[in-house]
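# Residue-level structure breakdown
One letter stands for each residue in the lines below.
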Amino acid sequence: GEKEEEEEEVDDSAKHWMKAHTKNKKRAERIAELFSSGKQGTLSEDIEDWDDDWDHVMDDLYNSEDENDKEEEEGEDDATTTTTNVPSSSSSSNTIDVVFLGDSITEQRQGTQFGEIVDDYIGIKKVFEKQFTKEKGGMFDGIALGLAGDTSPNLLWRIMNGEIPPNLNPAVFWITIGTNDFLKTQCSEEVVLLGILRIVEEIQYQKPSSIIVINSILPISTRSNGVLDDRGPFRKVKTTVVHDSNIWWPAIVSVNNELEKFASEQHNVKYFDANKVFVEERSDGTYIVEGTMMRANVHPSKEGHKAWGKAITERLDIILNKKHEI
C-alpha cells in the first residue's frame, strides 16, 4: 500500500545519504593521508572503491546488494574518482589549509548531490578547484565535504562518524549549515542556533588546534525577484494587502547576529558574514544580489560561488597569514 511505498522511499533516501557520507569519509581519509605523509598526488583510478568500507550496521539494515548493482556502483565511483580533485601536498606544510563542512551548498563544490554527479554543478566544482587548489592557482588548498539536505544534527553525526578523521588537521574548518534546519525541519531560531553551536563545540573538542569559521546562513528568498525585505509601498494580492517580504529572512538575521556575537567571545572561532556577497540594499528594500543565486534563491549560482570563494580567500589570507583585517 501507500504506507509501504513511503517506507521504501525513506529507506532508499537513507541508503543514498549513507553512501554519500561514506564517499565523503573516504575522501577525507585520502586527503589526510596525502598531507600527513607529505606525498604529492591526486586520486587515481585504482584507488580502493569508496563503498568498500560500508558500515556493517548499514549492511544489516539494508541487506547486501546483488553483484550487478555492485558493479554498476563501482563503475560510477570509478568515473567520479577520475574527476575528483585532491589538492597537492607539495607545499612544505603537512596540513591542508581549509576543510569546508555543510549541506548541499557545500556539496555543490564537489559537483554532486548525494554523491552523484549533477551537470548543473560541474561549473561550480571547477570554480572551487581553481580557487582552492594551489596547483591550479589558488592561494590555499581546500576540500569540500557537503551532503545535500543536511541539517545541523546530520552534520554533527557525520563529523562524529569519520568525516574528520584523526589525521585530518586543517588550519581552518569552515562551517556553512542551518538552511535546512529552517526549510526542512522547521526549527525555531533558538534550535537552529544551538545546533550550529553544538557542531562548533564538537570540532573544538576533536581539533583544538584548528580555527573554526562560522559562515553566516545564506539568504533565502521565497520570491522570484529575490526580495528579502521590502520597504516599498503595500501591494494587493487578490484581496490581501501584503508586503513583498520574506518569511525566512528575519529568522536568518536573528541567528546570524547571535553567531557573530558568539564567535567574538571565543578563542579560535571566527564569523564570516556572506551578506557582502549575496545581499544588497536598494531604495525599496533588501534583495539577493542578482545572479548570485540559482532560480529557487536557495543555492548559490556559479557566479555566486566565484564571488563567495574570492571573499573567503581574502578572509583566509587575513586569518592564516596574520594580516590585519580592514
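Note: the structure precedes this text.
Here we summarise the structure given alongside this text. Counting starts from 1 at the beginning of each chain's written sequence and moves along it residue by residue. Reporting in this predicted model follows two pLDDT cut-offs: at least 70 for local features of residues, and 80 or more for side-chain atom pairs to be given and counted; totals over whole chains, interfaces and linings ignore these cut-offs and use all residues. Side-chain metrics in this entry use all non-hydrogen atoms of the structure; hydrogen atoms and water are not considered.

## A few points about the overall build of the chain
Segments assigned H or I by DSSP are reported as helices when at least four residues long, segments assigned E as strands when at least two residues long, and all are numbered from the N terminus. Along the backbone of the chain there are eleven helices and twelve strands. For the chain, the residues scored as buried account for 50% of the 326 residues in total. Contacts were defined at the residue level, with two residues in contact if any of their heavy atoms lie within 4.5 Å. A fraction of 76% describes how many contacts in the chain between residues 6 or more apart in sequence connect residues 24 or more apart. For the exposure calls, accessible area comes from a 1.4 Å probe over protein chains only, and a residue counts as buried if that area is under 20% of its type's maximum, exposed if over 50%, partly exposed in between.

## Thoughts on the side chain of Ser152
Along the chain, Ser152 falls in helix α6 (residues 152-160). When neighbours within four sequence positions are excluded, Ser152 is seen to be in contact with Ile177, Asp181, Val192, Gly195, Ile196 and Ile199.

## Some details on the sheet that holds strand β4 (residues 142-146)
The pairing of strands in a sheet comes from backbone hydrogen bonds and takes either a parallel or an antiparallel form. The sheet built from five strands is open, its strands ordered β4-β1-β5-β6-β10 with parallel pairing. Two strands in the sheet have a free side with no partner beyond their single neighbour: β4 and β10 (269-272). On average, each strand axis in the sheet is inclined to that of its neighbour by 20°, with strand direction left out of account. Where strand β6 (residues 211-215) meets β10, four bridges bridge the pair, whose relative direction is parallel. Across the sheet, residue Asn215 finds its bridge partner in β10, namely Phe272. Sitting on the sheet, helix α9 (residues 249-264) is in contact with β6 and β10, with an inclination near 145° to β10. Pairing between two strands is assigned when DSSP locates at least 2 bridges connecting them. Helix axes are fitted only over the stretch in contact, all axes being lines through C-alpha atoms; the angle between N-to-C directions runs from 0 to 180 degrees.

## Describing the packing of helix α8 (residues 189-206) against α9
At a closest axis distance of 9 Å, the pairing of α8 and α9 adopts a crossing angle of 35°. For the pair α8 and α9, the sense of crossing is right-handed. Across from Glu189, Val192, Leu193, Ile196, Leu197 and Val200 in α8, the residues of α9 making contact are Ala251, Ser254, Val255, Glu258, Leu259 and Phe262. Two helices cross in a left-handed way if the nearer one is turned anticlockwise from the farther one by less than a right angle. They cross in a right-handed way if the turn is clockwise.

## Re the packing of aromatic side chains
Only rings of Phe, Tyr and Trp enter the pairing, Trp through its six-membered ring, and a pair is recorded when the two centres are within 6.5 Å. The plane angle decides the type: under 30 degrees is stacked, over 60 is edge-to-face, the rest tilted. Within the structure shown, the criterion is met by eight aromatic pairs. Ring pairs connect the aromatic residues Phe100, Phe128, Phe132, Trp174 and Phe272, which therefore count as one cluster. Above the face of the Trp308 ring, Arg109 is positioned so that its terminal group lies 4.3 Å from the ring centre. In this structure, Arg282 packs its charged tip against the face of Tyr287, placed 4.0 Å from the ring centre. Our definition puts a charge over a ring when NZ of Lys or CZ of Arg is within 6 Å of the ring centre and also within 35 degrees of the ring normal.

## Some details on unusual backbone geometry
Residues other than glycine seldom take positive phi values, yet Phe114 does so here, at roughly 55°. Within the fold, Phe114 resides in the loop between β2 (112-113) and β3 (116-117). For Phe114, a relative accessible area of 30% puts it in the partly exposed group. Within the chain, Asn297 stands out as a residue other than glycine whose phi angle is a positive 60°. Among the secondary structure elements, Asn297 is positioned in the loop between β12 (285-288) and α11 (302-320). Classification of Asn297 by relative accessible area gives buried; the value is 8%.

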